[in-house]
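Reading the structure
Chain residues, written in single-letter form:
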Amino acid sequence: MRYLTWMNLLVLPFALAACDNAHDAEMPMENEDMAMTADEMPMNGDTMPMTQSGTVRAASAEGTVAAIDADAGTITMEHGPVPAMEWPAMTMAFDASQPIRDQVSVGDTVTFEFETSDKGNRIISVSKR
Ligand SMILES: [Cu+2]
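Residues numbered from 1 in each chain as written. Predicted model: local features only at pLDDT ≥ 70, side-chain atom pairs only at ≥ 80, totals over all residues. Heavy atoms only, no water.

Next up on the list: the overall build of the chain. Regarding its fold elements, the chain presents three helices and five strands. If you list the helices and strands of the chain from N to C, you get α-α-β-β-β-α-β-β. Each of the 129 residues in the chain was classed as buried or not, and the buried ones make up 39%. Expressed as a percentage of contacts within the chain between residues at least 6 apart in sequence, the contacts between residues at least 24 apart total 54%. With an accessible surface of roughly 7,500 Å², the chain has 56% of that area assigned to carbon and sulfur atoms. (Helix = DSSP H or I, 4+ residues; strand = E, 2+ residues; numbered from the N terminus. Buried < 20%, exposed > 50% of the residue type's maximum accessible area, 1.4 Å probe, protein only. Contact = heavy atoms within 4.5 Å. Areas by Shrake-Rupley, 256 points an atom, 1.4 Å probe, with all protein chains shown as cover.)

Below is the structure:
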C-alpha cells in the first residue's frame, strides 16, 4: 500500500483547509468559511500558484456500492470516514466514468480513490475488497 501512503502525504496540506466544500449540498454554509480558511493557510500564499477554485484534492476511502446510475454517470457510495478530507461517514454520489462503473456492482465492498474540486467529486480508481 505504498501508493496510498504517498497519497495521504500528498493531500495532508490541503486537508488542513477543512475541505467540507465538496459537501455543500448538505452543508451550504461551509463555502464562505472554507474560502477564508484557504486564504489564511500559510502553504497557499506565494508558494502555491493554484487558486482555490482550481484546487484538486485526492484521497482514498472504503465503502459499499449503494447504487450505480449510468444516465447520471455516478456511483453512490456508503463510504467510511475520510480523515484526509475531514469527511464523516456518509452516503453520497460520486461522478464515475463508464470504465469505473463497469468494475463494480451494487453491494460490492470497495476501496476507491477520488478527486475533489469545485467541479465535484470523481472516482478515479476502484478495487473490490
Ligand atoms: Cu461524503
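Still to come is the rest of the account.
The buried fraction of strand S4 (residues 109-117) amounts to seven of the nine residues, a majority that puts the element mostly inside the structure. Taken together, the eight bridges between strand S1 (residues 57-69) and S4 define a ladder with antiparallel strand orientation. Paired with Arg57 across the strands is Thr116, a residue of S4. As paired elements, S4 and strand S5 (residues 120-128) share eight bridges and run antiparallel to each other. Bridging from a neighbouring strand, Val110 pairs with Lys128 of S5. Remark: two residues form the turn of the hairpin made by S4 and S5, two consecutive strands paired antiparallel. (Pairing = 2+ DSSP bridges.)

To continue, consider the pattern of salt bridges. Between side chains of opposite charge, a pair can form as their charged atoms come close. All told, the structure shown has three salt bridges when counted by the stated rule. Linking Glu62 and Arg129 is a salt bridge whose minimum nitrogen-to-oxygen distance equals 3.4 Å. Remark: Arg129 occurs in the segment after S5 and Glu62 occurs in strand S1; sequence separation between them is 67 residues. Among the residues examined, Arg129 registers a relative accessible area of 56% and is labelled exposed. (Salt bridge = Lys/Arg side-chain N within 4 Å of Asp/Glu carboxyl O.)

Here Gln103 is to be found in the loop between helix H3 (98-101) and S4. In this structure the side chain of Gln103 is engaged in a polar contact, spanning 3.2 Å, whose partner is the backbone oxygen of Pro99. (Polar contact = N/O pair within 3.5 Å; in protein donor to acceptor, adjacent residues only side chain to side chain.)

Formed by 20 residues in total, the largest nonpolar core has its most connected members in Ile75, Met77, Trp87, Phe94, Phe112, Phe114 and Ile123. Listing elements by their share of this core, those giving two or more residues are S1, strand S2 (74-79), strand S3 (90-95), S4 and S5. (Core = buried A, V, L, I, M, F, W, Y, C linked by side-chain atoms within 4.5 Å.)

All right, on to the packing of aromatic side chains then. Scanning the model with the defined rule gives five aromatic pairs in all. Both rings, one in Phe112 and one in Phe114, keep their centres 5.8 Å apart while their planes meet at 40°; by these two values the pair is tilted. Here a set of aromatic residues connected by ring pairs shows up, and it is made of Trp87, Phe94, Phe112 and Phe114. (Phe/Tyr/Trp six-rings, centres within 6.5 Å; stacked < 30°, edge-to-face > 60°.)

Moving on: unusual backbone geometry. In this structure, Glu86 takes a positive phi of about 55° despite not being glycine. Here Glu86 is to be found in the loop between S2 and S3. A relative accessible area of 41% places Glu86 in the partly exposed class.

Detailed reading of the predicted coordinates is not advisable wherever pLDDT is low. Across the chain, pLDDT averages 77, with 59% of residues at or above 70. Here residues 24-40 is modelled with pLDDT under 50, and outside its nearest four sequence neighbours on either side it reaches 15 contacts, counting other chains as well. Note on residues 44-50: pLDDT is under 50 here. Beyond four places in sequence and across chains, it has four contacts. (pLDDT = per-residue confidence, 0-100.)

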